[in-house]
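Coordinate analysis (summary)
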Amino acid sequence: MDLNAAQDLAHSLMAEYGVRAPWTFAFDNPTRRMGLSNFKKRCISISRHYTEHATEAQVRDTVLHEIAHAIAGGRAQHGPQWKQVAKRIGATPKACGDNPFASSEGEVAKLL
């Protein structure tokens, strides 16, 4: 997915679900994980590498996954409270695991 389109999508979804300032959105550089909700920095980030290889639907689900964390709170992790929020906003209510586009270092190198 195009990074500019992904950023617009993330900002739109954050606004739709009430995740506003001081929360921000950013891209980061991990190749293994897809997204992160950083409660200390109040930032939702998604992997630049993942975004560039994922479909819009995959990016949308990842952003919604992280929004669910922001709404449920840091202590919720992937527990019942987080799952309830994830279902309510349309995210897949499970811990997603590793980036499907980076199953090994060699595969990441091929994709880059």
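Residues numbered from 1 in each chain as written. Predicted model: local features only at pLDDT ≥ 70, side-chain atom pairs only at ≥ 80, totals over all residues. Heavy atoms only, no water.

1. Some details on the overall build of the chain
A count of helical and extended segments in the chain gives five helices and three strands. Order of helices (α) and strands (β) in the chain, N terminus to C terminus: α-β-β-β-α-α-α-α. Expected size for 112 residues packed as a compact globule is a radius of gyration near 13 Å; at 13 Å, the chain falls within 12% of this value. Projected onto its principal axes, the C-alpha coordinates of the chain cover approximately 40 × 25 × 25 Å. Looking at the chain as a whole, 40% of its 112 residues qualify as buried. For the chain, the computed accessible surface area is about 6,300 Å², with 49% contributed by carbon and sulfur atoms. The distance from the centre of the 14 positive side-chain charges to the centre of the 11 negative ones in the chain is 10 Å. (Helix = DSSP H or I, 4+ residues; strand = E, 2+ residues; numbered from the N terminus. Rg over C-alpha atoms; globule rule 2.2 N^0.38 Å. Buried < 20%, exposed > 50% of the residue type's maximum accessible area, 1.4 Å probe, protein only. Areas by Shrake-Rupley, 256 points an atom, 1.4 Å probe, with all protein chains shown as cover. Lys, Arg positive; Asp, Glu negative; His and termini not counted. Charge placed at Lys NZ, Arg CZ, Asp CG, Glu CD.)

2. Thoughts on the packing of helix α3 (residues 56-72) against helix α4 (residues 80-89)
Two elements in contact, α3 and α4, have axes separated by 9 Å at closest approach and are oriented at 130°. With respect to α4, the element α3 is oriented oblique. The chirality of how α3 crosses α4 is right-handed. Facing α3, whose interface residues are L64, H65, I67, A68, H69, I71 and A72, α4 presents Q81, W82, V85, A86, R88 and I89. Each residue belonging to the contact of α3 with α4 can be placed in one class, and the counts come to nine nonpolar, three polar and one charged. (Axes fitted to C-alpha atoms, helices over the stretch in contact; angles between N-to-C directions. Parallel < 35°, antiparallel > 145°, perpendicular 65-115°, else oblique. Left-handed = near helix turned anticlockwise from the far one by under 90°. Contact = heavy atoms within 4.5 Å. Nonpolar A, V, L, I, M, F, W, Y, C, P; charged D, E, K, R; others polar.)

3. Some words on the environment of R75
The residue R75 is located in the loop between α3 and α4 in this model. Residue R75 is classed as exposed on the basis of its relative accessible area of 84%. The spacing of R75 and G90 is 15 residues in sequence and 21 Å in space, taken between C-alpha atoms.

4. Thoughts on helix α1 (residues 3-16)
Relative to the 20 Å expected for 14 residues at 1.5 Å per residue, α1 spans 20 Å between its end C-alpha atoms, a close match to the ideal helical length. Of all the residues in α1, the buried ones are A6, L9, A10, L13 and M14. In a view along the axis of α1, the buried residues occupy a sector of 130°, so they form one face of it. Along α1, the residues that are exposed and aim more than 90 degrees away from the buried face are N4, D8 and E16. Structurally, α1 contributes buried residues whose contacts are with β1 (24-28), β3 (43-47), α2 (48-53) and α3. (Expected span 1.5 Å × (residues − 1). Arc of directions from axis to C-beta.)

5. Describing the pattern of salt bridges
Counted by the stated rule, this structure contains one salt bridge. For D28, the salt bridge is made with R33, and the minimal N-O distance between the two is 2.7 Å. On the basis of relative accessible area, D28 is assigned to the buried category, the value being 14%. (Salt bridge = Lys/Arg side-chain N within 4 Å of Asp/Glu carboxyl O.)

Read these as geometric descriptors, not functional statements.
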